[in-house]
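# Examining the three-dimensional arrangement
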Amino acid sequence: MHIAILDDYFNASRELADWSPLEGRAEITVFNDHIKDEKQAAKVLADFEIIVGMRERMPFPASLIRRLPKLKLLITTGSRNRSFDVEAANAQGITVCGTRSGSNSTAVLAVGLMIALMRDIPGQFESMRRGGWQTRPGHELDGKTLGLLGLGRLGGAVAAVGNALHMKVIAWSQNLSEQRAANVTLAASKRTTYFAFQMSCRSTSF
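Residues numbered from 1 in each chain as written. Predicted model: local features only at pLDDT ≥ 70, side-chain atom pairs only at ≥ 80, totals over all residues. Heavy atoms only, no water.

Looking only at helices and strands, the protein chain has eight helices and eight strands in total. Within the span of the protein chain, comprising 206 residues, buried residues form 33% of the whole. Taking the contacts inside the protein chain whose residues are at least 6 apart along the sequence as the reference set, 48% of them involve residues at least 24 apart. Accessible area for the protein chain stands at about 13400 Å²; split by element, carbon and sulfur atoms hold 54% of it. (Helix = DSSP H or I, 4+ residues; strand = E, 2+ residues; numbered from the N terminus. Buried < 20%, exposed > 50% of the residue type's maximum accessible area, 1.4 Å probe, protein only. Contact = heavy atoms within 4.5 Å. Areas by Shrake-Rupley, 256 points an atom, 1.4 Å probe, with all protein chains shown as cover.)

Put into structure tokens, the structure is as follows:
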């Protein structure tokens, strides 16, 4: 059996999972470089029975799936992938499934970027790396407005951090109830939240 792992640009897939049960049973090929077009993909992947895609980086439309007659299992990292034509795959007898992923990785990244922006961490780090010193004061998050479009699993996680940092958290969603928005201010409209978010961003610069 031949397994292809696509778009592993970090070359980390073999370390992030236990592949030992497949030893002697399957040959694993890791593609670090992106396959740029469908014609090339059909040629390169023709002999693989199992393909592991890296999120939506490599789409699998019906036109490509039909050109992979040996394919039996198509996997995406994460639980969803809208770039996979699941209906076309099922029609060809291909099983499509996903993997578990970090539950709050997107929220953590959003908060990290917000803090990095307010404190200018990249700029100050670069100054010190070159032998300099701090070039400007950082901004506090305390009292700033955090506007969220949606308050689901990820938005709720960001809101919790915003509240912990004493920010004014407002949110909007067409399905957002007062009960769900118990710990935030329920915005009157999406436009209100959008402008609040813009103003919060603008307050980070001199």
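What follows continues from the structure just given.
Moving on: the packing of helix α5 (residues 105-119) against helix α7 (residues 153-164). Viewed as axis vectors pointing N to C, α5 and α7 meet at an angle of 40°, and their least axial separation amounts to 8 Å. Comparing the axis directions of α5 and α7 gives the class oblique. When you trace α5 past α7, the crossing you get is right-handed. Contacts from Thr 106, Ala 107, Ala 110 and Val 111 of α5 reach α7 at Leu 154, Ala 157, Val 158 and Val 161. For the contact of α5 with α7, a count of residues per class yields seven nonpolar, one polar and no charged. (Axes fitted to C-alpha atoms, helices over the stretch in contact; angles between N-to-C directions. Parallel < 35°, antiparallel > 145°, perpendicular 65-115°, else oblique. Left-handed = near helix turned anticlockwise from the far one by under 90°. Nonpolar A, V, L, I, M, F, W, Y, C, P; charged D, E, K, R; others polar.)

Right, let's talk about α7 for a bit. Its twelve residues place the ends of α7 17 Å apart at the C-alpha level, agreeing with the 16 Å of an ideal helix rising 1.5 Å per residue. Residues of α7 that are buried: Gly 155, Val 158, Ala 159 and Gly 162. For α7, the arc enclosing every buried residue in end-on projection is 105°, short of the 170-degree limit, so these residues lie on one face. Facing away from the buried side of α7 by over 90 degrees, the exposed positions are Arg 153 and Ala 164. His 166 sits one or two residues past α7 and shows a positive phi near 60°. (Expected span 1.5 Å × (residues − 1). Arc of directions from axis to C-beta.)

It is worth spelling out the pattern of salt bridges at this point. Opposite charge on two side chains allows them to pair when their charged atoms are near. This structure, assessed with the given rule, holds eight salt bridges. In this structure, Arg 67 and Glu 38 form a salt bridge, with 3.8 Å as the shortest nitrogen-oxygen distance. One end of the pair, Arg 67, is in the loop between α3 (62-65) and β4 (73-76); the other, Glu 38, is in helix α2 (residues 38-44), with 29 residues separating them in the sequence. You can call Glu 38 partly exposed: its relative accessible area is 27%. For the salt bridge of Glu 56 with Arg 55, the shortest nitrogen-to-oxygen distance reads 3.6 Å. (Salt bridge = Lys/Arg side-chain N within 4 Å of Asp/Glu carboxyl O.)

The strands that make up a sheet are held in pairs by hydrogen bonds between backbone atoms, and each pair lies either parallel or antiparallel. Read from one edge of the open sheet, five strands run β2-β1-β3-β4-β5, paired in parallel fashion. Every other strand in the sheet has two partners, leaving β2 (27-30) and β5 (95-98) as the edge strands with one partner each. Pairs of neighbouring strands in the sheet enclose a mean axial angle of 15°, with direction left out of account. (Pairing = 2+ DSSP bridges.)

One can find Ser 83 in the loop between β4 and α4 (86-91). According to the relative accessible area criterion, Ser 83 is buried, its value standing at 19%. Only 2.5 Å separates the side chain of Ser 83 from the side chain of Asn 81, close enough to count as a polar contact. (Polar contact = N/O pair within 3.5 Å; in protein donor to acceptor, adjacent residues only side chain to side chain.)

Moving on, we get to the nonpolar core. What tends to happen in soluble globular proteins is that the nonpolar side chains get buried as a cluster. Formed by 21 residues in total, the largest nonpolar core has its most connected members in Leu 6, Leu 45, Ile 51 and Phe 60. Here this core takes three residues from α3, the largest share from any one element. Core analysis: the second largest hydrophobic core is formed by 16 residues, Val 111, Leu 146, Val 169 and Ala 171 among them. (Core = buried A, V, L, I, M, F, W, Y, C linked by side-chain atoms within 4.5 Å.)

On the surface, Ile 115, Ile 121, Val 161 and Leu 165 cluster together into a nonpolar patch covering about 260 Å² of accessible area. Relative to the assigned elements, Leu 165 resides in the loop between α7 and β7 (168-172). (Patch = residues over 30% accessible without salt bridge, like charges linked within 9 Å, V, L, I, M, F, W, Y side chains within 5 Å.)

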